[in-house]
There are 2 protein chains.
Amino acid sequence: MQVIPVNLQERSYEIEISPGALDRAGVALASLGDVSRVVLVSDDVVDNLYGVRVAESIVDRGLDLDVIVVEHGEESKSIEVAYSLWEQLLELGADRKSVIAALGGGVVGDLAGFVAATYARGLRYFQIPTTLLAQVDSSVGGKTAIDLPKCKNIVGAFHQPSGVLADTTTLQDLSAKDYVSGLGEVVKYGVSLDSELFDMLERNVDAITSRDAQTLEKIVAKCCSIKSEIVAADERETSGRRALLNYGHTFGHSLEAALGYGAIPHGHGVLVGSILAARLAQRLGASGDARFSAIDDAWLDRQLALYRNLGLPTSLHDLGRDYGDAPETTPQRLVELMASDKKTEFGKLNFILPVALGECVYAKDVAADDALAVLR
Amino acid sequence: MQVIPVNLQERSYEIEISPGALDRAGVALASLGDVSRVVLVSDDVVDNLYGVRVAESIVDRGLDLDVIVVEHGEESKSIEVAYSLWEQLLELGADRKSVIAALGGGVVGDLAGFVAATYARGLRYFQIPTTLLAQVDSSVGGKTAIDLPKCKNIVGAFHQPSGVLADTTTLQDLSAKDYVSGLGEVVKYGVSLDSELFDMLERNVDAITSRDAQTLEKIVAKCCSIKSEIVAADERETSGRRALLNYGHTFGHSLEAALGYGAIPHGHGVLVGSILAARLAQRLGASGDARFSAIDDAWLDRQLALYRNLGLPTSLHDLGRDYGDAPETTPQRLVELMASDKKTEFGKLNFILPVALGECVYAKDVAADDALAVLR
């Protein structure tokens, strides 16, 4: 078992990662103390897989339990579903000693976290992430959100969980698509923030592709540890430090938006986006920008080799191969979408770009033409 | 002009109180720095009174301004109206440098504050309260909320404003009912938390009833100062200190709920509730509870005299006089409602009760029979 502390003063908490952690849900929830009831939120797919097991673990510790199951899929991150959850909490008589536990992937976590953040101005929130993406990404940082029809994650709150339990055996049950999507975030941490992780990934390609739960325990723990250091330094994304987590995201979000949300998984957008960002850094370095002088062909080849060995997409062409016809969009359209991204201030084009293996910078000054050139 | 600091570490802000403060909206908003646009949220009544004046003050400082007007009344504190505001912010292209400014009473403040707390995980929020209740109560503490059909304020967030501007000349425009409702909170601070304020109120009965803007500046400032000290010690209502602000609220909420929300204003419920709480303390003192030995007839008479001189209701009978027929409810029903109040933990009856002038305690151990006896 690995335990990663997230240090946020009075909002500090621990992430426990182990094969079999699901059975420790009751122990972990009871240890929060002063719990009047647990409301377990899950989706239909995850509930079928692990609902009974987690529920038994909670009831075995003598805790009162209610279960709310929503439909799987991004559509559940809506105001309508949040509204229904608020009303159900009211019916159930949830009070300030109640804990909302989210069992599932990013959708369930974001939704349940937002409802926990806003019901009675904030209930405690406990996460049991069952996808790789949720284990390495949304389990650290306290971002919760729901979508409006025209914009993802636009309504939300920062609400730190009281604890996180990640069971790496659940990753065996993921579809190839969801597993690759999670790996997208994992390699992102390696390439842009931690060369040690990158080395670890290179050395463990076989164990990663066979989803070995012990190896994944180490990798998930490493990712949580990397992210928790950054979040501790910039909890609410104000200093710019937290923005460094967004390597691959400027291109990635524009791909997601251009192809229609849900057409490709988030991690796939980030993966292809991270290669595009590396190519952009290489181009800027070749044009004399000294920050990116180390990003040469050899650097890019090493990144591409890892992606290919892990079976990850590296180009729009690959996305086309995996998701039917090559997605239809144009470089011009992608650049327009980047300019309207909510992280863009006053319309500038911003990217997180690599400067060495495991190191990146926030580049706020990139000309749209350079981004266009890389996309062509 | 009086300036009251609210000390909450990096969430600290100032409340500026003066006759004519409305015209300083632009200056105050511009001084926040790095403001891409101001979205002014108001209701139709308040917008008619002050909208143009405040808008001009903002535009005069060179700030981009959008105005959103909602219907006046508690009905606007709904998910539907919040949803519409989120969508309008998206349409307007609000970004993290946008500021939401609330011009109006508690409904507008609670609604706009909640939308600011949750849009893009938190925009800055600026308050321009135009009712006495909003100036002395919701301008300090960062509570924001909307209602569900079956429960007031149940969906919300703590979100501190970046600044508050209170213009005491706007109090001239309040209906008698709204003014009395605000005075309910004011005398609550005096009776339960600050004998100096109580003295000040006794000495200024005429200026208060004629709504003298200079006198009200001092009184509003005093109330904000009392509340800000308590909020600074217990920002998120966890230590119990902040609960001391709720003198009169246990009885008050049950009156509001029993008579139907909106049938009597919040402050009227608190006023009558605060007399009932004083009578309960007197009863407990007479039965030998040493904490309340100082709450005798003389104490109660002084409180009642101030209320009557200010024209405030002191009993259910008075509420009946002011709001048509005597409201129909029963002591039994009121006690039942108290037991289901969301502030009640595990079903105990909790009250804030006076122990001396300007001093109160949190009593968690009151028998329902004693509350019943006082209501009979």
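Everything below is about the structure shown above.
Conventions used here
- As a convention, each chain's residues are numbered from 1 in the sequence order in which they are written.
- Naming scheme: in the order in which they are written, chains are lettered from A and ligands are numbered from 1.
- Per-residue local features are limited, in this predicted model, to residues with pLDDT of at least 70; the limit for side-chain atom pairs, both in listing and counting, is 80 or more; totals at the level of whole chains, interfaces and linings are taken over all residues.
- Side-chain metrics rest on all non-hydrogen atoms present in the structure, leaving aside hydrogens and water.
- Two residues qualify as a contact provided that any one of their heavy atoms is within 4.5 Å of a heavy atom in the partner residue.
- Here the buried area means the combined drop in accessible surface, using a 1.4 Å probe, for two parts upon being joined, counting both sides.
- A side-chain nitrogen of Lys or Arg and a carboxyl oxygen of Asp or Glu constitute a salt bridge if their distance falls within 4 Å.
- Throughout this description, a polar contact denotes any pair of N or O atoms lying within 3.5 Å of each other; where both atoms belong to protein, one of them has to be capable of donating a hydrogen while the other can accept it, and for residues adjacent in sequence the pair is counted only when both atoms sit in side chains.
- What counts as a helix is a DSSP run of H or I of at least four residues, what counts as a strand is a run of E of at least two, and both are numbered from the N terminus.
- To define axes, lines are fitted to C-alpha atoms, for helices over the stretch in contact only, and angles between the resulting N-to-C directions are given on a 0 to 180 degree scale.
- Any angle from 65 to 115 degrees is called roughly perpendicular, while one under 35 is roughly parallel, one over 145 is roughly antiparallel, and all others are oblique.
- Helix crossings fall into two classes, left-handed where the near helix is turned counterclockwise from the far one by less than a right angle and right-handed where it is turned clockwise.
- Just so you know the grouping, Ala, Val, Leu, Ile, Met, Phe, Trp, Tyr, Cys and Pro go in nonpolar, Asp, Glu, Lys and Arg go in charged, and all remaining residues, Gly too, go in polar.
- Each residue is placed in one exposure class: buried if its accessible area under a 1.4 Å probe, protein chains only, is under 20% of its type's maximum, exposed if it is over 50%, and partly exposed if it falls in between.
- When DSSP locates at least two bridges between a pair of strands, those strands are taken to pair.
- Seen with its strands pointing away from the viewer, a crossover is right-handed when the path leading from the first strand over the helix to the second is clockwise.

Enquirer: Help me understand the interface of chain A and chain B, please; the structure alone is not making it clear to me.
Expert: As a measure of interface size, the accessible area lost when the parts come together is often cited. Listed as interface residues are 34 residues of chain A and, on the opposing side, 34 residues of chain B. Surface buried jointly by chain A and chain B totals about 3200 Å² across both partners, of which 62% is contributed by carbon and sulfur atoms. Taken as a group, Tyr83(A), Arg96(A) and Arg121(A) account for 23% of the area that chain A buries against chain B, more than any other trio of residues on that side. Between the two partners, chain A and chain B, sit 4 salt bridges. Between chain A and chain B we count 8 residue pairs in polar contact (both at pLDDT 80 or more) in total. Elements supplying a minimum of two residues to the side of chain A that touches chain B: α3 (79-92), α4 (106-118), β7 (143-148) and β8 (151-158) of chain A.

Enquirer: Explanation requested: the packing of helix α14 (residues 331-339) of chain B against helix α15 (residues 368-375) of chain B in the structure shown.
Expert: Packed helices, taken two at a time, are described by the angle their axes make and the gap between the axes. Residue and element names in this part refer to chain B. Their axes nearest at 9 Å, the elements α14 and α15 cross at an angle of 135°. For the element pair α14 / α15, the angle class is oblique. Note that α14 runs across α15; the crossing there is right-handed. Between α14 and α15, the residues in contact are Pro331, Gln332, Leu334, Val335 and Met338 and Ala368, Ala371, Leu372 and Leu375, respectively. Of the residues in the contact of α14 with α15, the class split is 8 nonpolar, 1 polar and no charged.

Enquirer: Help me understand the pairing of strand β3 (residues 37-43) of chain B, please; the structure alone is not making it clear to me.
Expert: Moving residue by residue along a regular strand, the side chains alternate between the two faces of the sheet. Residues and elements named next belong to chain B. Extensive coverage of β3 is indicated by the burial of 7 of its 7 residues. The pairing of β3 with strand β4 (residues 65-70) spans 6 bridges and is parallel. Across the sheet, Asp43 pairs through a bridge with Val70, a residue of β4. The β-α-β motif built from β3, the intervening helix α2 (residues 44-60) and the parallel element β4 has right-handed crossover chirality.

Enquirer: Explain the pattern of salt bridges here, please?
Expert: Two side chains that carry opposite charge are able to pair once their charged atoms sit near each other. All names here are of chain A. With the rule as written, the count across this model stands at 48 salt bridges over all chains. Between Lys97 and Asp34 there is a salt bridge, with its nearest N and O atoms 2.7 Å apart. Of this pair, Lys97 sits in the loop between α3 and β5 (98-104) while Asp34 sits in the loop between α1 (25-30) and β3 (37-43), and the two are 63 residues apart along the sequence. Under the relative-accessibility criterion, Lys97 is labelled buried at 14%.

Enquirer: Even after reading the chapter, I still don't get unusual backbone geometry, so can you show me in this structure?
Expert: Leave glycine aside and you will find that most residues have negative phi; peptide bonds, for their part, are mostly trans. Positive phi, normally seen in glycine, also occurs at Asn153(A), with a value near 55°. Summarising the element assignment, Asn153(A) is placed in strand β8. Despite not being glycine, Asp34(B) has its phi angle at roughly 55°, a positive value.

Enquirer: It is not clear to me how the sheet that holds strand β6 (residues 124-129) of chain B should be interpreted in this structure. Could you clarify?
Expert: Residues and elements named next belong to chain B. On the basis of which strands lie adjacent, the open sheet formed by 7 strands has the order β1-β2-β9-β6-β5-β3-β4 and mixed pairing. Looking at strand neighbours, the two that pair on one side only are β1 (2-6) and β4, the edges of this open sheet. Averaged over all adjacent pairs, the angle separating strand axes in this sheet is 15°, with direction ignored. Here β1 pairs with strand β2 (residues 13-17) via 5 bridges, running antiparallel. The partner of Pro5 across the bridge, within β2, is Glu14. Contacts from α2 reach β3, β4, β5 (98-104) and β6, with the element oriented near 160° to β3. Here helix α9 (residues 213-233) sits on the sheet and contacts β1 and β2; the angle it forms with β1, its principal contact strand, is near 10°.

Take it as geometry only, folks, not as evidence of what the structure does.
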